[in-house]
Amino acid sequence: MGVADIPKSSEITLPSGLRPAAEVYIIEALRPEDYAYFCADGILLENQLRLIGCSPILKRVYSIDDLRQAVQSYDDSGYRFLHISCHGSEDRVEIFGKESLTYSELAEILKGHVVNSRLTFSACSLGNRDFAKEIFGQNKGLHSMLAPIGETAFDLSSVLWISFYTLLFRKAHIREKHTGILSVDVKSIERITRTLCMTFGVDMMVCKDNPMGDNFLYEECRVKPFVNGEEMRYC
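Quantities reported herein were computed from a predicted structural model and do not represent experimental measurements.

About the criteria used
Residues numbered from 1 in each chain as written. Predicted model: local features only at pLDDT ≥ 70, side-chain atom pairs only at ≥ 80, totals over all residues. Heavy atoms only, no water. Helix = DSSP H or I, 4+ residues; strand = E, 2+ residues; numbered from the N terminus. Buried < 20%, exposed > 50% of the residue type's maximum accessible area, 1.4 Å probe, protein only. Contact = heavy atoms within 4.5 Å. Pairing = 2+ DSSP bridges. Axes fitted to C-alpha atoms, helices over the stretch in contact; angles between N-to-C directions. Parallel < 35°, antiparallel > 145°, perpendicular 65-115°, else oblique. Nonpolar A, V, L, I, M, F, W, Y, C, P; charged D, E, K, R; others polar. 1 Å grid on protein atoms, 1.4 Å probe; cavity = no way out; pocket = protein on both sides within 12 Å on 5 of 7 lines; lining within 4 Å. Points joined across faces, edges and corners; volume = space filled by probe spheres on them. Salt bridge = Lys/Arg side-chain N within 4 Å of Asp/Glu carboxyl O. Phe/Tyr/Trp six-rings, centres within 6.5 Å; stacked < 30°, edge-to-face > 60°.

Colleague: Explain the overall build of the protein to me, please; I cannot follow it from the model alone.
Modeller: A count of helical and extended segments in the protein gives seven helices and eleven strands. The proportion of buried residues among the 235 residues of the protein is 49%. Taking all contacts inside the protein whose residues are at least 6 apart in sequence as the whole, residues at least 24 apart take part in 71%.

Colleague: In this structure, what is going on with the sheet that holds strand S6 (residues 99-102)? I would like to understand it.
Modeller: Two strands in a sheet stick together by hydrogen bonds in their backbones, pointing the same way (parallel) or opposite ways (antiparallel). Spatial strand order, S4-S5-S6: three strands in an open sheet with antiparallel pairing. Every interior strand has two partners, whereas the edge strands, strand S4 (87-88) and S6, have only one. Pairing between strand S5 (residues 92-95) and S6: four bridges, direction antiparallel. Bridge pairing in S6 links Val93 to Leu101. Running at roughly 90 degrees to S6, helix H4 (residues 103-110) makes contact with S5 and S6 of the sheet.

Colleague: I tried to follow the packing of helix H3 (residues 64-77) against H4 on my own but got confused; where do I start?
Modeller: To describe two helices that pack against each other, one gives the angle between their axes and the distance between the axes. Where H3 meets H4, the closest approach of the two axes is 9 Å, and the angle between their N-to-C directions is 40 degrees. Between H3 and H4, the angle falls in the class oblique. Contact residues: H3 offers Ile64, Leu67, Arg68 and Val71, while H4 offers Leu106, Ile109 and Leu110. Across the contact of H3 with H4, the residue classes break down as six nonpolar, no polar and one charged.

Colleague: Looking at this structure, how should I read empty space enclosed by the protein?
Modeller: If a probe as big as a water molecule is rolled over the atoms, it shows which places are left empty. All told, the structure shown has two cavities of 30 Å³ or more when counted by the stated rule. Roughly 40 Å³ of volume is contained in the largest cavity. Lining the largest cavity we find Asp41, Gly42, Leu45, His83, Ser158, Trp161 and Ile162. Elements that contribute at least two residues to the lining of the largest cavity include exactly helix H2 (42-51) and helix H6 (154-179).

Colleague: Teacher, can you tell me more about the layout of surface pockets here?
Modeller: Quantified by volume, the largest pocket comes out at close to 200 Å³. Along its surface, the largest pocket is lined by 14 residues, and Cys86, His87, Cys124, Thr152 and Phe154 are the ones closest to its centre. Of all the elements in the fold, those that place two or more residues in the lining of the largest pocket are S4 and H6. Tallied by class, the residues present in the lining of the largest pocket amount to six nonpolar, six polar and two charged.

Colleague: When you look at the pattern of salt bridges in this model, what are you seeing that I'm missing?
Modeller: Close approach of charged atoms lets side chains of opposite charge pair. Counted according to the given criterion, the structure contains seven salt bridges. Between Arg50 and Glu46 there is a salt bridge, with its nearest N and O atoms 3.4 Å apart. Here the residue Arg50 and the residue Glu46 both occupy positions in helix H2, the gap between them amounting to four residues, near one helical turn. Here Arg50 falls in the partly exposed class, since its relative accessible area comes to 45%. The class of Glu46 is buried, set by a relative accessible area of 12%. Salt-bridge contacts for Lys208 lead to Glu190; the nearest nitrogen and oxygen are separated by 2.9 Å. Here Lys208 is found in strand S9 (residues 204-209), whereas its partner Glu190 is found in helix H7 (residues 186-200), with 18 residues between them in sequence. By relative accessible area, which is 23% here, Lys208 ends up partly exposed.

Colleague: How should the packing of aromatic side chains be read in this particular structure?
Modeller: Two aromatic rings are characterised by how far apart their centres lie and by the angle between their planes. Scanning all chains against the criterion turns up eleven aromatic pairs. Measuring from ring centre to ring centre gives 5.6 Å for Trp161 and Phe164, while their planes differ by 80 degrees; the resulting arrangement is edge-to-face. Of this pair, Trp161 and Phe164 both sit in helix H6, three residues apart, which is roughly one turn of that helix. Taking relative accessible area as the criterion, Trp161 reaches 3% and is therefore assigned buried.

Written as structure tokens, this is what we have:
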């Protein structure tokens, strides 16, 4: 199965690296059984984004070749946010339950296509320093990246990302009414991520480019057990 053409509204020619659209492009690469058990979260995120006035694009991929095409399609769209929903582990990324990629191989597929982008991953265990090092190391110009640190259930993962983008874009649209510019800043991303970490008890990795050097800034937002049995949530 291949990747469908992007909608006509997104068929525009852009200078390389320019991303004027604060919109979300969703790539979904889940297992066949996830669809059978209604665990595909991409369509839920797409519907919510449309509800708040956004114009998301959803692509389901069934192979590594499909993934390459979808990443190119994202690059061509001019969208700023790339959200990838898949299964992950401490050393690999799974594609449709049939194929898998090392962190380095995924970084190579993204290379040259995520300049000035913000990456979010709905995937277990990708929130680690090795993953961040590979992605940022091969993708200069990537602005930020978020991913869960450990295993996360579908129900929590789905509501977390719906909440993240709803809060982020509602705030951006309010700002647009006053300034005439739709912008999303990294401080808002960090604050919202911390809030959702506290709300849902999901450990998250937050990475961003370092304007003062070639490396990246890495932060973990974790939920830590408290001594009296309650949960102390911190970043």
